[in-house]
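Below are the chains, spelled out letter by letter.
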Amino acid sequence: MPRTPINALKATASQPQRNSLDRADDRDRLPGSVVVNLRETLLLWYGHFGRDLPWRQSRDPYAIWVSEIMLQQTQVKTVIPYYERWLTLFPTLSALAIAEQQQVLKAWEGLGYYARARNLHRAAQDIMLRHQGVFPASPADVMQLPGIGRTTAGGILSAAFDQPMAILDGNVKRVLTRLVALPVPPKRAIADLWQLSEALLDRQQPRDFNQAIMDLGATVCMPHQPLCSSCPWNGHCEAYNQGIQAELPMAETRAPLPHKSIGVAVIWNDQGQILIDRRRQEGLLGGLWEFPGGKVEPGETVEACIQREIREELGIEITVGDHLIVVDHAYSHFRVTLNVHHCRHVSGEPQAIECDEVRWVTLTDIDQYPFPKANVQIIEALRHGETSTDHH
Ligand code: SF4
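Residues numbered from 1 in each chain as written. Predicted model: local features only at pLDDT ≥ 70, side-chain atom pairs only at ≥ 80, totals over all residues. Heavy atoms only, no water.

*Asks:* Any chance you could break down the overall build of the chain for me, citing the residues and the numbers?
*Replies:* Looking only at helices and strands, the chain features 15 helices and seven strands. Principal-axis analysis of the C-alpha atoms gives the chain an extent of 80 × 50 × 45 Å. Counting across all 392 residues of the chain, residues that qualify as buried make up 50%. For the chain, long-range pairs separated by at least 24 residues make up 68% of all intrachain contacts whose partners lie at least 6 apart in sequence. (Helix = DSSP H or I, 4+ residues; strand = E, 2+ residues; numbered from the N terminus. Buried < 20%, exposed > 50% of the residue type's maximum accessible area, 1.4 Å probe, protein only. Contact = heavy atoms within 4.5 Å.)

Here it is, written out as structure tokens:
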């Protein structure tokens, strides 16, 4: 794949609507005076409009790290209550390191991308072992921890220690892409966007600068309808100058996500308990609990699928009864439709053939177990059904 940035950016230099960015012509691209102006205007704007977020009140690298990981794939307003609860449950790195994985996954329940929680837990244990429980301050050490890449390391080290480390998260990518009117999807110009982020970073105030550019992306240079007229960078922004800000960043053409139809069983026993299983550690949603089931084969009915899957995966016989709910859910690489049925246990002792553990639980106790989001909807449907039955 050709590296575009410098060439691509040079291409913009020949456009009729020139501004000072266009005259940049080598590694740094931006003339020093423009860089200085971009820094100053951004920091001034940040002084007035920067967000007051809970993790910004802390200089504890552990707390900042937790926030950075939560924010990787989740929006700020969703993260705040999780972050606060997390620090109550695991106030220190050592408290996290000695916690049970189930507690950690439970605290993460609903945030999605559970590898993040497993990696946080593992990394905390690594830090206890290899760094005597002290969060490392060296970029190389930080990037060796599971779940921490270059931008997360930059975010943590600049926020906690004011180290001059650039960042390139989704917000920053979008802002920079528009600033230089990048004519290719950002994925194809990552090295150049990093270079631009490095070049712009205010090395005297890296903490504030990084937070400011993230805030700019989150509150002004938003994905749809950026508020260019209130943007401190509009004087230098190539996309704005060309009136193409709404068209950038250019999208990667994506194939539609494959879809799987899944038959899911809520298996009841005579004591009014439900059977749940814990997924294997490896792979999607590893370590979380779920209602058992599996993929509907071509030509198979949902009921037949459930009966077959339960026999294969748990070694028991069931009868498949009433339909409970249909849940649609999209993961990053595929979509699923869960077709859920009430079932009754007929014979056999459940065995953990395709999972790590099985357990009979009551609807009251079920909240102690971490479940993926789609399964939480099933629990809610069960509760709702219980309430409706009570009412009648
Ligand atoms: S001027 Fe508009 S497009 Fe350019 S950085 Fe500001 S908000 Fe984004």
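*Asks:* If you had to explain helix α14 (residues 302–314) to someone new, which residues and values would you point to?
*Replies:* Because an α-helix completes one turn every 3.6 residues, residues spaced three or four positions apart along the sequence face the same direction. Look at α14: 17 Å from first C-alpha to last across 13 residues, which is about the 18 Å you get at 1.5 Å a residue. The set of residues buried in α14 consists of V302, C305, I306, R308, E309, I310, E313 and L314. Here the buried face of α14 lies against β1 (259–268), β2 (274–278), β4 (293–295), β5 (317–330), β6 (335–347) and β7 (357–361). Phi turns positive one or two residues past the end of α14, at G315, with a value near 65 degrees. (Expected span 1.5 Å × (residues − 1).)

*Asks:* Can you explain the packing of aromatic side chains? Please cite residues and give values.
*Replies:* In this description, a pair of aromatic rings is defined by centroid distance and the angle of the planes. According to the stated counting rule, one finds nine aromatic pairs in the structure shown. Seen in terms of ring centroids, Y62 and W65 are 6.2 Å apart; in terms of plane orientation they differ by 70 degrees. Their pairing is edge-to-face. Taken as a pair, Y62 and W65 lie in helix α3 (residues 61–71) at a separation of three residues, close to a single helical turn. Judged by relative accessible area, which is 0%, W65 ranks as buried. (Phe/Tyr/Trp six-rings, centres within 6.5 Å; stacked < 30°, edge-to-face > 60°.)

*Asks:* Explain the side chain of H131 residue by residue, including any values.
*Replies:* By the secondary structure assignment, H131 is in the loop between α7 (115–130) and α8 (139–143). In this structure H131 touches D126, P136 and D141, once residues within four positions along its chain are discounted.

*Asks:* Would you mind going over the confidence of the model for the chain in detail, with residue names and values included?
*Replies:* With 91% of its residues at a pLDDT of at least 70, the chain reaches an overall mean of 90. Here residues 387–392 is modelled with pLDDT under 50, and outside its nearest four sequence neighbours on either side it reaches zero contacts, counting other chains as well. (pLDDT = per-residue confidence, 0-100.)

*Asks:* Give a description of the UniProt feature "binding site: Mg(2+)" (unreviewed entry) in the chain that names residues and reports values.
*Replies:* Feature annotation in UniProt places "binding site: Mg(2+)" (unreviewed entry) on G293 and E313, given in this structure's numbering. Spatially, the listed residues are clustered: although they cover 21 residues, their C-alpha atoms lie within 8.2 Å of one another. Checked against the element boundaries, G293 lands in strand β4. For G293, a relative accessible area of 14% puts it in the buried group. Apart from residues lying up to four places away in sequence, G293 is in contact with G263, V264, E309, I310 and E313. Among the structural elements, E313 can be located in helix α14. Residues in contact with E313, not counting those within four places in the same chain, are G293, Q351, A352, I353 and E354. (UniProt positions renumbered as here; feature names shortened; annotations may be inferred.)

*Asks:* Pulling in residues and values, what's your account of the packing of helix α6 (residues 101–108) against α7?
*Replies:* Closest axis-to-axis distance for the α6/α7 pair is 9 Å, and the angle between their directions is 135 degrees. As summarised for this structure, α6 and α7 are arranged oblique, according to the angle between their axes. Crossing of α6 over α7 shows right-handed handedness. In this structure, α6 contributes Q101, V104, L105 and W108 to the contact, and α7 contributes R116, A117, R118, L120 and H121. A per-class count over the contact of α6 with α7 returns five nonpolar, two polar and two charged. (Axes fitted to C-alpha atoms, helices over the stretch in contact; angles between N-to-C directions. Parallel < 35°, antiparallel > 145°, perpendicular 65-115°, else oblique. Left-handed = near helix turned anticlockwise from the far one by under 90°. Nonpolar A, V, L, I, M, F, W, Y, C, P; charged D, E, K, R; others polar.)

*Asks:* Residue-level account of the domain arrangement of the chain, with values.
*Replies:* When cut into domains, the chain gives domain 1 (5–247) and domain 2 (259–391). Its C-alpha centre places domain 1 at a distance of 39 Å from the equivalent point of domain 2. On the side of domain 2, 17 residues touch domain 1, which itself brings nine residues to the contact. Of the roughly 940 Å² buried between domain 1 and domain 2 on both sides combined, carbon and sulfur atoms contribute 47%. At the boundary of domain 1 and domain 2, one finds zero salt bridges. For the interface between domain 1 and domain 2, the tally reads seven residue pairs in polar contact (both at pLDDT 80 or more). At four residues, α6 tops the list of elements feeding residues into the side of domain 1 that touches domain 2. (Domains from an automatic or database assignment. Buried area = accessible area lost by both parts, 1.4 Å probe. Salt bridge = Lys/Arg side-chain N within 4 Å of Asp/Glu carboxyl O. Polar contact = N/O pair within 3.5 Å; in protein donor to acceptor, adjacent residues only side chain to side chain.)

*Asks:* Please give an account of helix α12 (residues 206–219) that cites residues and values.
*Replies:* The end-to-end C-alpha distance of α12 is 20 Å, a good match for the 20 Å that 14 residues give at a rise of 1.5 Å each. Taking burial as the measure, the 14 residues of α12 include eleven buried ones, the bulk of the element. Among the residues of α12, P206, R207, F209, N210, Q211, A212, I213, M214, D215, L216 and G217 are the ones counted as buried. Looking at the buried side of α12, the elements it contacts are α2 (32–49), α9 (150–161), α10 (170–179) and α11 (190–200).

*Asks:* Describe the pairing of β5, with residues and values.
*Replies:* With eleven bridges joining them, β5 and β6 adopt antiparallel strand pairing. For V326, the partnering residue across the bridge sits in β6 and is N339. Counting the residues between successive antiparallel strands, the hairpin from β5 to β6 contains four residues. (Pairing = 2+ DSSP bridges.)

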